[in-house]
Amino acid sequence: MNKPSSLTVLSGLAILALFVCAAPSAWAGDAIVVIVNSSNPVENLSLGDLKKLVLGDKGRWDTGKAVAPVMVAAGAPERAAFLKIVCGMNDADMSKYFMQAAFTGKSVTPPKDVGSAAAVKNNVASSPGAIGFVKASDLPGGVGFKAVKIDGADSSEPAYKIKM
Amino acid sequence: MQTAFARSALRLRRRRTLRAIVSRILSIGLCLMLALAARAQQSSSPPMTLDEATRQLLQRVNELEAKVKQLEEKQPVPAPAPPAIIAPAPAAPAPEPPPEVEMPTTNEVAPRLKLIVFGDVGAQGYTHIPDTFEFGSLDLFMRARLSDRVSVLAEVLFTAENDNSISPDVERLLLIYRQNDYFTASVGRMHTWVGYYNTAFNKGEFLETTTDRPFMYAFDDQGGVLPMQDVGVNVTGKIPSGKLGLNYVAEAGNGRDWIPTDEPAQNNQDRNNSKAINGGLFMRPEKFSGLQLGFSIRHDNLTLPGPAVGETIVTAHAVFVNSNWEILNEAVFVRHSANGELADTSAFYTQLSRRFRTFRPYLRYQYFNAPSDDPVYVNGTPNAYVPLNVTTFIGRLNGPSVGLRWDFTEHSALKFQYDRFSLRGLDSENGLTTQVAFTF
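Nothing here was measured: the structure is a model prediction, and the numbers come from that model. (Residues numbered from 1 in each chain as written. Chains lettered and ligands numbered in written order. Predicted model: local features only at pLDDT ≥ 70, side-chain atom pairs only at ≥ 80, totals over all residues.)

Draft legend 1. Looking closely at the overall build of chain B. Along chain B, the regular secondary structure elements total three helices and 16 strands. Considering chain B as a whole, with its 440 residues, one finds that 31% of them fall into the buried category. By sequence separation, contacts in chain B at least 24 residues apart represent 54% of the contacts at least 6 residues apart. (Helix = DSSP H or I, 4+ residues; strand = E, 2+ residues; numbered from the N terminus. Buried ≥ 20, exposed ≤ 12 C-beta atoms within 10 Å, placed from the backbone. Contact = placed C-beta atoms within 7 Å.)

Draft legend 2. Fine view of the overall build of chain A. Summing up its helical and strand segments, chain A has five helices and seven strands in all. Taken from N to C terminus, the helices and strands of chain A fall in the order α-β-β-α-β-α-α-β-α-β-β-β. In chain A, which comprises 164 residues, the proportion classed as buried is 36%.

Draft legend 3. Representation of the sheet that holds strand E6 (residues 145-147) of chain A within the structure. Residue and element names in this part refer to chain A. Taken together, five strands build an open sheet; the order of strands is E4-E3-E5-E1-E6 and the sheet is mixed. Lying at the two open borders of the sheet, with one neighbouring strand each, are strand E4 (112-114) and E6. Recorded for the sheet is a direction-independent mean angle of 30° between the axes of neighbouring strands. Sheet topology note: the strand E1 (residues 32-37)/E6 ladder contains three bridges and is antiparallel. (Pairing = 2+ DSSP bridges. Axes fitted to C-alpha atoms, helices over the stretch in contact; angles between N-to-C directions.)

Draft legend 4. Highlighting the nonpolar core. Counting 32 residues, the largest nonpolar core has A:Val33, A:Val34, A:Ile35, A:Val120, A:Val124 and A:Phe133 as the members making the most contacts within it. Looking at this core, the elements that each hand over two or more residues are E1, helix H2 (47-54), strand E3 (68-72), helix H3 (77-87), helix H5 (117-126), strand E5 (130-135) and E6 of chain A. Aside from chain neighbours lying at most four places away, what touches A:Val34 is A:Leu45, A:Leu50, A:Ile131, A:Phe133, A:Ala147, A:Val148 and A:Ile150. Membership of the second largest hydrophobic core comes to 30 residues, among which are B:Phe219, B:Val376, B:Leu397 and B:Phe421. (Core = buried A, V, L, I, M, F, W, Y, C linked by C-beta atoms within 7 Å.)

Draft legend 5. How the structure looks around helix H4 (residues 91-103) of chain A. When the terminal C-alpha atoms of H4(A) are compared, their 18 Å separation across 13 residues agrees well with the 18 Å that a helix rising 1.5 Å per residue should span. When we look at burial in H4(A), the residues that qualify are A:Met94, A:Met99, A:Ala102 and A:Phe103. Close packing links the buried residues of H4(A) with H3 of chain A together with strand E1 (113-126), strand E2 (129-145) and strand E16 (429-439) of chain B. Directly after H4(A), the chain includes A:Gly105, whose backbone phi takes a positive value near 90°. (Expected span 1.5 Å × (residues − 1).)

Draft legend 6. Focus on unusual backbone geometry. Here A:Asp151, not a glycine, exhibits a phi torsion of approximately 50°, which is positive. Topologically, A:Asp151 is positioned in the segment after strand E7 (149-150). Residue class for A:Asp151 comes out partly exposed when judged on the 15 C-beta atoms lying within 10 Å of it. Of note in the backbone geometry, B:Arg357 takes a positive phi value of approximately 55° without being a glycine.

Draft legend 7. Fine view of H3(A). All names here are of chain A. Of all the positions in H3, only Glu78, Arg79, Phe82 and Val86 are classed as buried. All buried residues of H3 project into a common sector of 95° when viewed along the axis, lining one side. Buried residues along H3 sit against E1, H2, E3 and E5. One or two residues past the end of H3 sits Gly88, with phi positive at roughly 65°. (Arc of directions from axis to C-beta.)

Draft legend 8. View of the pairing of E5(A). Residue and element names in this part refer to chain A. Within E5, six of the six residues are buried, which leaves the element mostly enclosed by the surrounding structure. Residues of E5 alternate between two faces, with Ala130, Gly132 and Val134 on one and Ile131, Phe133 and Lys135 on the opposite face, all of them buried. Across five bridges, the pairing between E1 and E5 is antiparallel. When the bridges of E5 are listed, Ile32 appears paired with Lys135.

Draft legend 9. Summary view of the confidence of the model for chain B. Residue and element names in this part refer to chain B. The pLDDT averaged across chain B works out to 79; a share of 71% of its residues lies at or above 70. Residue range residues 1-6 is modelled with pLDDT below 50. Its contacts to residues more than four positions away, or to other chains, number 12 contacts. Across residues 75-108, where pLDDT falls below 50, the model places 56 contacts with residues more than four positions away in sequence or in other chains. This complex was scored by the predictor with a pTM of 0.73 and an ipTM of 0.72. (pLDDT = per-residue confidence, 0-100.)

Draft legend 10. Quick look at the confidence of the model for chain A. Residue and element names in this part refer to chain A. The share of residues in chain A with pLDDT of 70 or more is 83%, and the mean pLDDT across the chain is 85. Element-level pLDDT for chain A is lowest in helix H1 (residues 6-27), with a mean of 52, against a maximum mean of 96 in E1. Counted against residues more than four places away or in other chains, residues 19-27, with its pLDDT under 50, gives six contacts.

Draft legend 11. View of the pairing of strand E5 (residues 183-191) of chain B. Residues and elements named next belong to chain B. By the bridge criterion, seven bridges tie strand E4 (residues 166-180) to E5 in an arrangement that is antiparallel. Within E5, the position partnered with Asn180 by the bridge is Phe183. Where E4 folds back on E5, the antiparallel hairpin that results is connected by two residues. Looking at chain direction, E5 and strand E6 (residues 229-238) are connected through eight bridges and run antiparallel. Note that in E6 the partner of Ala185 across the bridge is Val235.

Draft legend 12. Structural view of the environment of B:Pro264. All names here are of chain B. Mapped onto the fold, Pro264 is located in the loop between strand E7 (246-253) and strand E8 (276-283). Given 21 C-beta atoms within 10 Å, Pro264 falls into the buried group. Separated by 36 residues in the primary sequence, Pro264 and Asp300 place their C-alpha atoms 14 Å from one another. Beyond its immediate chain neighbours, meaning those up to four positions away, Pro264 contacts Asp220, Asp221, Gln229, Arg256 and Asp257.

Spelled out as structure tokens, the structure:
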């Protein structure tokens, strides 16, 4: 069997280097940034707390304001990713969860569905108890809301867990 | 905060630009190497040494880097990125937001009222019961939020009775006040917090995996032995317990009426001054999402045609439910005491199911054993499980059920279930049930 030439080996290494270099941008998904109203003192949430807030298991912030989750309507990839990572559910599961919660007498309000990331930001900015999420690329622009850290990590950090 | 985010965005942009340049250089380098390699393979001249090739490549990379730098210098300097975030809401009016497309909220028949309808129809055939197409139930479930803290829940149920009539039944009517996560009070007609199943599933067959409730949780007006409904007050909430996720439940109500001709729930007039008291604790540990462990203790004094009977009901449950798995385990112990004599009833069920896409096969085993001299259950109504000629079942019932649920749409499910029960003193019962359950 012929030994591979040095150039072939070098080419292989270069391909490997190319992959390693290109991988972070190609493989790592866009972060999903959790936002709350800018008057909300919360700066950091655990993933468990975030799940409770979205699923109505925690109905009030420490300030006493009612929690009002808002999310972009079903079909958006960031919604599917968020539900999977944070709640371990898909849309049908969540729909059934809230139906059952209402049926069992729990006083929970399902997240409000809106049509776009801009509408999510707008809703969060206009409601003191609101919490929502948008893709990191949709974050710039708008006033009255702020991003919160999840488990101590900023959305630009590698340790950040909510990514598409 | 604003500056930090602006800096973070700039850092991100610089990183991306650098990465793009390096990727470009490496891509060109790679093409060059591949070309060189191809030429080396094809050429009849002796192959280059590694040093020569490396030197050529480095030289080429340097040239390319210089070229990229020149190109970048020619490009106009981009304006600094706008701040990603975002000062506190200013007093001035916010800029006009983009038009918002609201998705319609389903079943919103009035701005305040939300209506969900559950229904089920099916067919069943048991060994000692004629094969029957059956109207299961039509359940109108209503919920309205009256204020930030106050809401109303109402449920009107239409079910087929033993005489084939269909009659309405106000299943629940509750005014709910939620102060915070630690205190929620409800007053009205409710489903009792006796065990897990009774409040988790109620009458909505669509929400249940199986075609029916476990025998021990059969509705009291359909031959069930536990008090499933009551009129009174319920208080529930979290107990500050960190990741343990402790919750409490406390109830007081009129209790169950066991006079055979009466409605089991004492809606308008209690037969005695004694109130049924129920208390329970359950935990949902944060570390084991989907797990719930709990117990409840209920006491009531029952007024019967004979002597008064004290009733104590203890339940315990361990359930694990997530999107795929459903593992339900519950046990109940009932003690009736009259004139110093005790009659103990015990029951349990265990249910396991796993979802595979839209299919959910399941298995349930249940056991119920009541003494034949129980002073209360002789007043019960016939139960759907036992043959029609047996007016009251007291004794042991146990056996497995296997079935398959298929969610053929998001809001409708088809279920097939096979049951086999052993009944003390009676022939075994085999049954096949088909059910279509839906919600809209």
